[in-house]
Amino acid sequence: MKSNETLRNILNSVLPVLLALLIGAILILAIGENPLEAYGIMFGKSLFTLRGLTNTLHAAGPLLLTGAAIAITFRAGLFNMGVEGQLLIGGFMAGLVGAYLHIGNPLLHKLVAFAVGASVGVLFALIPALLRAYFRVDEMVVTLTLNYVMMTILEYLSSGPFRDQGAGYVTTPTIDSSAMFTRFGSTRLTPFFLIALLLFGILWFLNTKTEFGYKIEAIGKNPEFSEATGLRVRKSIIMLILVSGAIAGFAGAGHMMSQEYKYTLSFSGVTGLGWDGMLVSLLGSHSPLGIIISSIFYSALKTGADNINMYTSIPKEIVAVIEGIIILFLSIRFLNERFGLLEKLSKKKGEKNEPAL
Amino acid sequence: MGTILQTKDLTKKFGDFTANDKINLTVEEGEIKAIVGENGAGKSTLMNMLYRQLEPTSGEIYLRGQPIEFNSPRDAIQHGIGMVHQHFMLVPSFKVYENILLGTELAHDKLRFLVDHKKEQQECAELIKRYGFDLDVNEVVENLSVGQQQKIEILKMLYRNVDILILDEPTSVLTPQEVDELLLQLKELKAQGKTIILITHKLREVMQVSDSVTVIKKGQIIGNVKTSETNEAELAQMMVGRKVLLTVQNDHIGQESPEVIYTVNDLTTNNTYGNIVVDHVSFEIKKGEIYGIAGVEGNGQSELVKLLSGMMEATGGTVHYKGEEITNLWADELRKLGIAIIPEDRYAQGLCKEMSLSANSIAGSTTSDAFKKNGIFDFKRIRQHCQELIDHYQIRIAEFEGNVSQLSGGNAQKLIIAREMNRQPDLLIASQPTRGVDIGAIEFIHQQILDFRNSGGAVLLISSELSEVMSLSDRIGVMYKGKILGEVDPLETSETEIGLLMAGTIPQEAVVYEK
Ligand SMILES: Nc1ncnc2c1ncn2[C@@H]1O[C@H](COP(=O)(O)OP(=O)(O)O)[C@@H](O)[C@H]1O
Ligand SMILES: [Mg+2]
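This report concerns the structure included in the present document. Nothing here was measured: the structure is a model prediction, and the numbers come from that model.

### Considering the interface of chain B and chain A
Taken together, the 44 residues of chain B in the interface contact 29 residues of chain A. Both sides together, the interface formed by chain B and chain A hides about 3,200 Å², and carbon and sulfur atoms give 59% of it. It is Gln53, Trp330 and Met355 of chain B in chain B that bury the most area against chain A; as a group they hold 17% of the surface buried on that side. Viewed at the interface, chain A and chain B are joined by 3 salt bridges. With its nearest N and O atoms 2.8 Å apart, the salt bridge here joins Lys372 of chain B to Glu211 of chain A. At the boundary of chain B and chain A, one finds 11 residue pairs in polar contact (both at pLDDT 80 or more). Split by residue class, the side of chain B that touches chain A holds 19 nonpolar, 13 polar and 12 charged.

Here you go:
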């Protein structure tokens, strides 16, 4: 039974990827190139060279955390879609700490920036958490909407009050070097990746070995049972959304100090690290190991895009197409998780429950 | 007039479970037919088959003598059968008339692709007037009370000209005033020639409006009576059954020095609609005593259990246990104090079907340190604990690592009982402990309860199965409309006496609670 489920989860994740790669291959063939060669270059360069691998791991750091932030709420049947906004405010505030508080001590400076990033993530997540727990307002709608509110606010702040006047584009000032993670040798990898991995490991441990994980699972699978056994569902819902916000804010702070060093309007990349995290979590079936694998795979895909551009005549947009197809398949899966889509579609006539009108 | 609707050996199975067993129902044209029965008796299933929302497994339905051939609610409505469900299907942001006409919007005379709102409003206003409803067509539905929303559901059907109107527990969500209004409305509809099928488990309503009553129990019709020839007490007895199925020996041994261990005093609470559902309930339980609560379902028993097991908050009154106040404590806190809880709904509250047996075996104890080592779950000990429960209580499982969904109803219930009794409690709150389990498991569960009592434990037993309460309890409180109306001794009382109490009448001999 258990192993069947695992197998199904793996299939659920691997199939969309394979299908997407297959469709990608057909497109590559249509351009007149060899898909095997293209994929070989793409994954070979991003996974099997030191430089590529370290780039990939470096990019996977924040994804690991945003993926975890999504997963803990999804597992509990909550849908925190606000990870992107929480990451942005976390990154932005860490950027201000880095640029305006001249703490000097590298360790302390980073700690303060992390603390501030995580705290603002929590504060921002407090809105949907309270609305959900006390007024039963759908957290999915609230968090989705708040992302855009946050983006707009940060756009104003970074182009107005906190703009680096010397720069020719919209950005906050660069953070002090004491707030920057130093890279390992000539790679782009920084200690932040290890910190992300460690935090991820702690979450994994809490999730599988403690009451925290039991609560998440029970609330996700049967809230009434959870209440009846004294698990304080309302309090737990608030706590989970807040923890999710903290992780997202922390990830934003880490991204600021290990990669961006300043807040620009493209701080979180084209697709957005929070959204990527959702994809990673869905792809990894919200399981710890799954999230590690999928975050590395996903960032390999992204790093690989540049290599495709460099070494073949295939346009790098092919990677965007593949990503898009994966997202499409995963959205079906998401809709299914959220609204029981497949179940509704496959419901037999004898059991239908919808009214005629 | 004559028969308008008839079923012949109508049967519905869900898998192996028979929800309706050879139902032969007859409804006369122009009557109000009441259908009564406990929760889960199969009333909704039967109605859903009449409304063509469920496909019968076997049997026929005749409408005015003709076997029906249509197959969807839409067709049923066209043939004059309409149904109002327990849960409304309205669009909250739409106005009243828009909801009434949903799906059959009236097109504009000239511009066919537009909706003629004016004409719609007019037609709805006329409809509302014709049937004497009191409703503003232009009000937005989300601003309306539950009672008013229900009227819209009824109007939806009337607009589509149904002859037979099925109402599935229409009064369960209404305030007493709204109930009276609805009942008047139903009489008015009957006067206008409609046939009405009313599902309810409130006997007062049955007596007030219906012409005939059909009682359903466990998927079978167990009685058809004319309302004028029966009374509430008789109906109450029919609903909860009179068969005493006790197979275990109850010695009714009294304790030497009975010490009160559990005291409930003036406990009161409202439901989410603001109605009082538990109304100044008081009782005591002594060590070595089983206190039973009987009553027709829906009279506050479920809510009382929820209050006492930490799932609902009391608005007034107190609960004391071993001299300590425990009102409104959480479920895990109650368990830590030595109270075992068997909740009413096995799969909704007692167990989590999609979690493993061992995870379920520690439910309710996860906040304590019993199964942890330095705050971390000790899985070896948890598995061992689960295995012990399985062995000791003879729970039949297929796979140890699997989920609870593998268990049959009786074995699932045994797992709950094993988990709860294993904590060595001093008080057991058991709600519907044998609902839907097989005979063997019933016997086992009854024996467990009696053994616990005989070893000095106190038991609060809530059951809608009258025979169960009668044969196990040492004292019985009868609930009616949220109150404990009277207390009786099962060895001395008669079924008539309990029946009267369940129907809300206080017989002379009963000990009446001083309030
Ligand atoms: N779709 C279904 N699948 C399986 N069992 C069902 C389904 N619908 C109802 N049942 C079962 O059939 C029985 C009768 O249910 P129902 O007709 O809703 O009872 P009532 O309306 O009298 O309370 C219950 O035991 C219920 O669990
Ligand atoms: Mg029903």
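### Considerations on unusual backbone geometry
Positive phi, close to 60°, is recorded for His286 of chain A, a residue that is not glycine. Within the secondary structure, His286 of chain A is located in the loop between α11 (273-283) and α12 (288-311). Relative accessible area serves as the criterion here: at 8%, His286 of chain A is assigned to the buried category. Phi at Gln424 of chain B is positive, roughly 55°, even though this residue is not glycine. Looking at the element boundaries, Gln424 of chain B is found in the loop between α14 (409-421) and β20 (427-431).

### Describing helix α1 (residues 43-50) of chain B
Taken across its 8 residues, α1 of chain B has 7 buried, putting it largely inside the fold. Just past α1 of chain B, the residue Arg52 of chain B takes up positive phi, approximately 65°.

### Some thoughts on the packing of aromatic side chains
In this description, a pair of aromatic rings is defined by centroid distance and the angle of the planes. Residues and elements named next belong to chain A. Enumeration over the complete set of coordinates arrives at 15 aromatic pairs over all chains. Joined through ring pairs, the aromatic side chains of Phe92, Tyr100, Phe162, Tyr263 and Phe267 make up one cluster. Here Lys45 stacks its cationic end above the ring of Tyr311, 4.4 Å away from the centre of that ring. Just above the ring of Phe181 sits the side chain of Lys110; from NZ or CZ to the centre is 5.4 Å.

What counts as what
- Residues numbered from 1 in each chain as written.
- Chains lettered and ligands numbered in written order.
- Predicted model: local features only at pLDDT ≥ 70, side-chain atom pairs only at ≥ 80, totals over all residues.
- Heavy atoms only, no water.
- Contact = heavy atoms within 4.5 Å.
- Buried area = accessible area lost by both parts, 1.4 Å probe.
- Salt bridge = Lys/Arg side-chain N within 4 Å of Asp/Glu carboxyl O.
- Polar contact = N/O pair within 3.5 Å; in protein donor to acceptor, adjacent residues only side chain to side chain.
- Nonpolar A, V, L, I, M, F, W, Y, C, P; charged D, E, K, R; others polar.
- Helix = DSSP H or I, 4+ residues; strand = E, 2+ residues; numbered from the N terminus.
- Buried < 20%, exposed > 50% of the residue type's maximum accessible area, 1.4 Å probe, protein only.
- Phe/Tyr/Trp six-rings, centres within 6.5 Å; stacked < 30°, edge-to-face > 60°.
- Lys NZ or Arg CZ within 6 Å of the ring centre and 35° of its normal.

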